[in-house]
Amino acid sequence: MHKNRKWFFTGVIIAAAAIVMAGCSSGTETTETEEVKEDISGAESEEAQGNTSDAEQQETEENVSGIEEGGIKINVDDVSSQAAFYDTTIDGTDVEIFAVLASDGTVRLAMNTCQVCNGSPYAYFEQEGDDFVCQNCGNHFSSDEVGITSGDCNPVPITEDDYTEENGIITVSDSFLEENADRFSNWKQF
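## Considerations on the sheet that holds strand β6 (residues 125–128)
An order of β6-β7-β8 is seen for the 3 strands of this open sheet, with the pairing classed as antiparallel. The open sheet terminates on both sides in strands that have one partner only, identified here as β6 and β8 (140–142). Ignoring which end each strand starts from, the neighbouring axes of this sheet average 35° apart. With 3 bridges connecting them, strand β7 (residues 131–134) and β8 associate as antiparallel partners. Across the sheet, V133 pairs through a bridge with H140, a residue of β8.

## Some remarks on the packing of aromatic side chains
The tally for this structure, following the rule as stated, stands at 6 aromatic pairs. Judged by centre distance (5.4 Å) and plane angle (45°), the rings of F85 and F98 are tilted. Highlighted residues: F85 in strand β3 (residues 84–90) and F98 in strand β4 (residues 93–101), separated in sequence by 13 residues. What links up through ring pairs into an aromatic cluster is the set Y122, Y124, F184, W187 and F190. Across the ring face of Y124, the terminal group of K188 is positioned such that the distance to the ring centre comes to 4.4 Å.

## Some thoughts on the environment of Y124
In this structure, Y124 sits in the loop between β5 (107–114) and β6. By relative accessible area, which is 11% here, Y124 ends up buried. On a C-alpha basis, the gap between Y124 and N112 in space is 5.4 Å, while along the polypeptide they are 12 residues apart. Setting aside residues no more than four positions away along its own chain, Y124 makes contact with N112, T113, V133, C134, Q135, W187, K188 and F190.

## Details of the confidence of the model for the chain
Averaged over all residues, the pLDDT of the chain is 75; the fraction at 70 or higher stands at 64%. Per-element confidence in the chain is highest for β6, whose mean pLDDT is 97, and lowest for strand β1 (residues 28–32), whose mean pLDDT is 38. Counting contacts from residues 1–13, a segment whose pLDDT is below 50, to residues more than four positions away or on other chains yields 15 contacts. Confidence drops under a pLDDT of 50 for residues 15–65, and excluding neighbours within four residues, the segment shows 71 contacts in the predicted structure.

## What to know about the sheet that holds strand β11 (residues 169–173)
Sheet architecture is open: 3 strands sit in the order β2-β11-β10, paired in antiparallel fashion. Lying at the two open borders of the sheet, with one neighbouring strand each, are β2 (71–75) and β10 (164–166). Looking at each pair of strands side by side, their axes are set apart by 25° on average, direction ignored. As defined by bridge partners, β2 adjoins β11 across 5 bridges and the pair is classed as antiparallel. Considered in β11, the bridge of G71 is made with S173.

The rules behind these values
- Residues numbered from 1 in each chain as written.
- Predicted model: local features only at pLDDT ≥ 70, side-chain atom pairs only at ≥ 80, totals over all residues.
- Heavy atoms only, no water.
- Pairing = 2+ DSSP bridges.
- Helix = DSSP H or I, 4+ residues; strand = E, 2+ residues; numbered from the N terminus.
- Axes fitted to C-alpha atoms, helices over the stretch in contact; angles between N-to-C directions.
- Phe/Tyr/Trp six-rings, centres within 6.5 Å; stacked < 30°, edge-to-face > 60°.
- Lys NZ or Arg CZ within 6 Å of the ring centre and 35° of its normal.
- Buried < 20%, exposed > 50% of the residue type's maximum accessible area, 1.4 Å probe, protein only.
- Contact = heavy atoms within 4.5 Å.
- pLDDT = per-residue confidence, 0-100.

This is the structure in structure tokens:
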């Protein structure tokens, strides 16, 4: 029975990815990077422990997937010190945000583009340990400053005013993403 559930959830994730790739998501496509792997392993772990029902696990996967109309959805329980990146396309422009757990235990969100360098195709951040490094100018930025510090060479913050949180799910709305899509107009256009 455990193997059947594993294949069921794998099928759900593959089907969701196929829908996104086919462009069936009303103009906004959202894909996930590392969180899919975390979702699968987390679901298998919970099943093995017998802590959740099939319906609860399916609901959790749907909430965490980020593939939902209305914005990017992030399950707070899945955020760790290793950043998770969430991609979407707004009117043909690729947009990416990331979530990371700061040392004080709070979830921090930011757009993965630099406030100063964002005209450059290299104006994005990669995580190196506890720091995020601008790929354009090489500036190092602590994860504890993500979502707080603004106006310098750092990831564009997404503050508590910019998202909603309900029942452990953070939602960054499509409208917020649309308002900021121009920051990504030349992003990763090598």
